[in-house]
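# Close look at the chain arrangement
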Amino acid sequence: GCFSGGGFIDDDGTAYISFWKFAAKDKSKDKGGIAIAYSKPPYDVWERMENVAIESVPTMWGVTDLEINGEIIHVGSADPSNIWRANGKYYIQTGNKPVLDRFGRGDNADPKYMGDWTDLFRSDDLKKWEYVGRFYDNQKMGVDDYPDATEDDMCPSFLPLYDAEENGKFTGKYLQIFISHNKGCQYYIGEMNGEKFVASNRNYIQVPP
């Protein structure tokens, strides 16, 4: 099984596709989580990287458990974003719906797992990935129209915004576009603060009936 992901072309022309995959029946040989495939020009042969980039917990597909400062936290390993490069590092986001569904719903749910967010990972070589933290905090962005606690962020894409369709100048703003399964496609516009995205506004994408 292969689910949503994103595409990226590196400086040397190598193309990479990130995607969310099922585990094989023999999970010891082919694990579930975020996988990456690559191809060189003319892009007619694709190979999958041997190791899964971000491995899901075998019993919780789409969820990865990490121990940070002695505490187990649940992070997403579902519907990854496109890969991008910044300051010599590779970055990727992961969607949060499997974590939200298991830990952020119900009367006694932990508030930190409610609502929309993504988790951010970085790598030096596209093979070994380390967890950075939440890419954005949905209740700390200053956006007037907050998504409610039931909404998720899946299939994210993160793109720089330019002031013209061709030969434009970078505006300093970025687009974070994603799917919320209960309210449809939405996007944030904002800026980067280090490795954190800070949105200034949020919008829905209106689809004609």
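Anything mentioned here points back to the structure above.
Let us look at the structure shown here. (Residues numbered from 1 in each chain as written. Predicted model: local features only at pLDDT ≥ 70, side-chain atom pairs only at ≥ 80, totals over all residues. Heavy atoms only, no water.)

Below, the discussion takes up the sheet that holds strand β13 (residues 170-180). Strand pairs in the sheet, formed through backbone hydrogen bonds, run parallel or antiparallel to each other. Spatial strand order, β12-β13-β14-β15: four strands in an open sheet with antiparallel pairing. Edge positions in the open sheet fall to β12 (154-162) and β15 (196-204), since each of these has one partner strand only. Along the sheet, successive strands turn relative to each other by an average axial angle of 30°, direction set aside. Judged from the seven bridges that link them, β13 and strand β14 (residues 184-193) form a sheet pairing that is antiparallel. The residue of β14 that forms the bridge with Ile179 is Cys185. (Pairing = 2+ DSSP bridges. Helix = DSSP H or I, 4+ residues; strand = E, 2+ residues; numbered from the N terminus. Axes fitted to C-alpha atoms, helices over the stretch in contact; angles between N-to-C directions.)

Quick look at the environment of Ala78 now. With respect to the helices and strands, Ala78 occurs in the loop between β7 (71-76) and β8 (84-86). Ala78 gets classed as buried once you look at its relative accessible area, which sits at 0%. In this structure the C-alpha to C-alpha distance between Ala78 and Ala149, which are 71 residues apart in sequence, comes to 19 Å. Those residues in contact with Ala78 that sit more than four places away from it in its chain are Trp20, Ile34, Gly62, Thr94, Gly95, Pro98 and Met154. (Buried < 20%, exposed > 50% of the residue type's maximum accessible area, 1.4 Å probe, protein only. Contact = heavy atoms within 4.5 Å.)

A few words now on the side chain of Asn96. Here Asn96 is to be found in the loop between β9 (89-94) and α1 (97-103). Residue Asn96 is classed as buried on the basis of its relative accessible area of 0%. Of the polar contacts made by the side chain of Asn96, one reaches the backbone nitrogen of Asp153; its length is 2.7 Å. When residues no more than four places from it in sequence are discounted, the contact partners of Asn96 are Gly115, Asp116, Trp117, Asp152, Asp153 and Met154. (Polar contact = N/O pair within 3.5 Å; in protein donor to acceptor, adjacent residues only side chain to side chain.)

Here the focus is a nonpolar patch on the surface. A cluster of nonpolar side chains, namely Ile9, Ile17, Tyr43 and Trp46, defines an oily patch on the protein surface of about 370 Å² accessible area. By the element assignment, Trp46 lies in the loop between β3 (33-39) and β4 (47-48). On the accessibility criterion, Trp46 (38% relative accessible area) is partly exposed. (Patch = residues over 30% accessible without salt bridge, like charges linked within 9 Å, V, L, I, M, F, W, Y side chains within 5 Å. Areas by Shrake-Rupley, 256 points an atom, 1.4 Å probe, with all protein chains shown as cover. Salt bridge = Lys/Arg side-chain N within 4 Å of Asp/Glu carboxyl O.)

The subject of this paragraph is the environment of Tyr91. On the secondary structure map, Tyr91 appears in strand β9. Taking relative accessible area as the criterion, Tyr91 reaches 7% and is therefore assigned buried. Sequence spacing of Tyr91 and Asp110 is 19 residues, and the spatial spacing of their C-alpha atoms is 27 Å. For Tyr91, the contacting residues outside a window of four places in its chain are Asn82, Ile83, Trp84, Ala86, Leu120, Phe121, Arg122, Trp129 and Glu195. Engagement of the side chain of Tyr91 in a polar contact is seen with the side chain of Glu195, the distance being 2.5 Å.

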